[in-house]
Amino acid sequence: MLKSIRFKLFLTLLLTTLFVVAGMFAFMRWSLDRGFAEFVEKRQREHLAVLLENLGDYYSTDPDWKHLAGNKRQWLGLLAQSHERRYPFPREWLQKTLSEPPDVWPPDLSDSKVERRFQPLELRVMLLRADQSIIFGRREGLDKLTLYPIRHQQQVVGYLGLLPGKPVKQPIELQFIERQTQSFIWIALGMVVLSAVLAWMLAYTLGRPLKRIAGAVKTLAVGNYDVRLPIESTDELGQLARDFNEMAAALAQAEQTRRRWIADISHELRTPIALLRGEIEALQDGIRPLTPSAVDSLYSDLMRLNRLTDDLYQLSLSDQGTLSYRKALIDPVAILKADMAALMPEFSNKQIMLQLIDQRDSPFTLYADADRMSQLFRNLLTNSLNYTDTGGKLEITVSRQGNILSIEWADSAPGVPRSALPHLFERFYRVESSRSRHHGGAGLGLAICSNIVKAHGGTIRASASALGGLHIQIELPVER
């Protein structure tokens with residue numbers, strides 16, 4: 001389970017959601033705390049402004065703070081008047097505070113009742129005269145004070161000193177923050193649970209086609225190339241399924257071709273070997289005398305077998321791309337004319353008219369291997385020579401269309417069935433499987449031609465000829 005793709009997807013999605021939810025919770029809590037802190041600071045500034053205004057109004061009735069100095073009860077009353085409503089001072093704390101001298105102010109904040117019942121601002125203020133002498137306050141706290149001037153009739157009549165400290169939230173505010181925090185926690189837990197369910201569903205949905213693909217790959221690995229995957233989407237998984245099906249089809253075709261190769265090669269080798277064995281056994285048994293004609297027959301069978309092995313070797317090299325090519329700028333028409341001249345006696349013996357139609361406006365060169373081009377031309381000439389009926393005709397037309405050299409072979413009857421045309425360039429393919437190998441060869445010549453043309457960046461295709469036979473068109477890129 002720990003190694004399954006579904007579990008990994010589920011764990012990845014769930015952890016991602018957890019990180020996002022945790023980040024959102026931390027950000028929301030930070031934003032809430034920051035907003036409340038700004039609110040409390042703003043309220044403290046407003047409270048401080050009211051307190052300064054009240055002290056300025058009081059100064060008009062008590063110049064130089066004469067009555068207030070030493071009167072802690074009146075000082076506490078002024079502090080209480082800075083609120084919208086008066087806070088009832090605890091009796092025990094009030095008696096203790098009133099009994100202490102003015103320089104013992106602010107009171108001891110360790111008293112839980114003080115912390116609970118009074119605003120922290122009043123417990124952090126000190127009152128000073130205009131010359132900054134202390135009226136209410138502790139002398140050791142002077143260097144820590146932040147002074148705010150108390151004005152009366154545009155004159156500074158005293159200072160209100162504020163000891164450092166963070167603004168403290170009211171209990172009702174703390175309760176609100178606590179309720180909000182609890183709500184955030186429950187919402188986060190709900191989001192995590194919901195995300196876990198959605199992550200499992202998504203992991204199952206994404207893991208199902210991947211599991212199906214993995215099973216199909218295992219089936220393909222054991223040699224079952226008929227396996228196919230259903231294409232259920234147009235995304236990357238759907239494209240992967242399509243690619244897998246194409247790969248399986250290509251492997252099936254390759255396996256079929258390999259088996260046909262083995263069967264065809266075995267069949268092609270068996271026939272000349274059987275002929276050689278039969279003739280040799282006839283000579284050994286004395287059924288056939290050892291005459292020059294018998295030796296010539298053995299030699300002919302041996303050369304046929306040699307040609308077959310050479311064709312197989314050439315085809316294997318061209319398939320692997322290791323067939324040697326020494327390309328240079330050549331005149332393909334000159335090579336074609338030389339090959340036609342070399343095979344002209346054989347065409348004449350079979351009474352086949354061989355005609356070259358040169359439609360070029362001017363000579364041009366081709367970047368190609370002269371030997372392989374000659375091999376291509378001779379294979380095609382030999383193919384027409386072997387299959388064209390006596391008294392027939394072969395027309396070779398050379399033309400240039402832009403930067404493309406076009407060479408067309410068109411021979412007379414017999415023709416090739418339309419269904420056989422797409423298979424002519426397949427190895428060991430014959431239009432008539434029973435055709436004599438003495439006449440039709442091993443069926444490798446056109447396959448070699450196709451590989452040579454492709455190695456030169458060209459195309460080759462077959463169609464029906466207007467003369468009643470086979471039409472083959474070769475197109476090769478022209479260098480200049």
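Preceding this section is the structure that the text describes.
As the structure is a computational prediction, the values presented were derived from the model and not from experiment. (Residues numbered from 1 in each chain as written. Predicted model: local features only at pLDDT ≥ 70, side-chain atom pairs only at ≥ 80, totals over all residues. Heavy atoms only, no water.)

**Digging into the pairing of strand β9 (residues 404-412)**
Judged by how many residues are buried, β9 sits mostly within the fold: seven of nine residues are covered. Bridging between strand β8 (residues 393-401) and β9 involves eight bridges; their strand directions are antiparallel. Along β9, the bridge assignment pairs Ile-396 with Trp-409. Hairpin geometry of β8 and β9 is characterised by an intervening segment of two residues between the two adjacent antiparallel strands and by a positive phi of about 70° at Gly-402. Relative to strand β11 (residues 468-477), β9 runs antiparallel, the two being bridged by eight bridges. Bridging from a neighbouring strand, Leu-405 pairs with Leu-476 of β11. (Buried < 20%, exposed > 50% of the residue type's maximum accessible area, 1.4 Å probe, protein only. Helix = DSSP H or I, 4+ residues; strand = E, 2+ residues; numbered from the N terminus. Pairing = 2+ DSSP bridges.)

**As for helix α8 (residues 332-349)**
Because an α-helix completes one turn every 3.6 residues, residues spaced three or four positions apart along the sequence face the same direction. Taking 1.5 Å as the rise per residue, α8 with 18 residues should run 26 Å; its terminal C-alpha atoms sit 26 Å apart, in good agreement. When the local axis directions of α8 are compared, the greatest deviation, roughly 50°, occurs at Leu-343, which is followed within four positions by the proline Pro-345. Listed in full, the buried residues belonging to α8 are Pro-332, Val-333, Ile-335, Leu-336, Asp-339, Met-340, Leu-343 and Phe-347. Next to the buried residues of α8 lie β5 (327-330), β6 (353-358), β7 (366-369), α9 (370-387), β8 and β9. For α8, the N-terminal cap is Asp-331; the gap from its side-chain oxygen to the backbone nitrogen of Val-333 is 3.2 Å. Positive backbone phi, approximately 55°, marks Gln-351, located one or two places after α8. (Expected span 1.5 Å × (residues − 1). Bend = angle between axes of the 7 residues up to and from the residue. Contact = heavy atoms within 4.5 Å. Polar contact = N/O pair within 3.5 Å; in protein donor to acceptor, adjacent residues only side chain to side chain.)

**Concerning the packing of α9 against helix α11 (residues 445-455)**
In the contact formed by α9 and α11, the axes pass within 9 Å of each other and the chain directions differ by 145°. Pair α9 / α11 crosses with left-handed handedness. Contact residues: α9 offers Arg-372, Gln-375, Leu-376, Asn-379, Leu-380 and Asn-383, while α11 offers Gly-445, Leu-446, Ile-448, Cys-449, Ile-452 and Val-453. Within the contact of α9 with α11, the residues separate by chemical class into seven nonpolar, four polar and one charged. (Axes fitted to C-alpha atoms, helices over the stretch in contact; angles between N-to-C directions. Left-handed = near helix turned anticlockwise from the far one by under 90°. Nonpolar A, V, L, I, M, F, W, Y, C, P; charged D, E, K, R; others polar.)

**Let's talk about the sheet that holds strand β4 (residues 155-162)**
Pairing within the open sheet is antiparallel, and its four strands lie in the order β2-β1-β4-β3. The sheet is open, and its two borders are formed by β2 (134-136) and β3 (146-152), each paired with just one other strand. Taking each pair of neighbouring strands and ignoring which way they run, the sheet shows an average axis angle of 35°. Two elements, strand β1 (residues 125-129) and β2, share two bridges in a ladder whose sense is antiparallel. If you follow Leu-128 over to β2, its bridge partner there is Ile-134.

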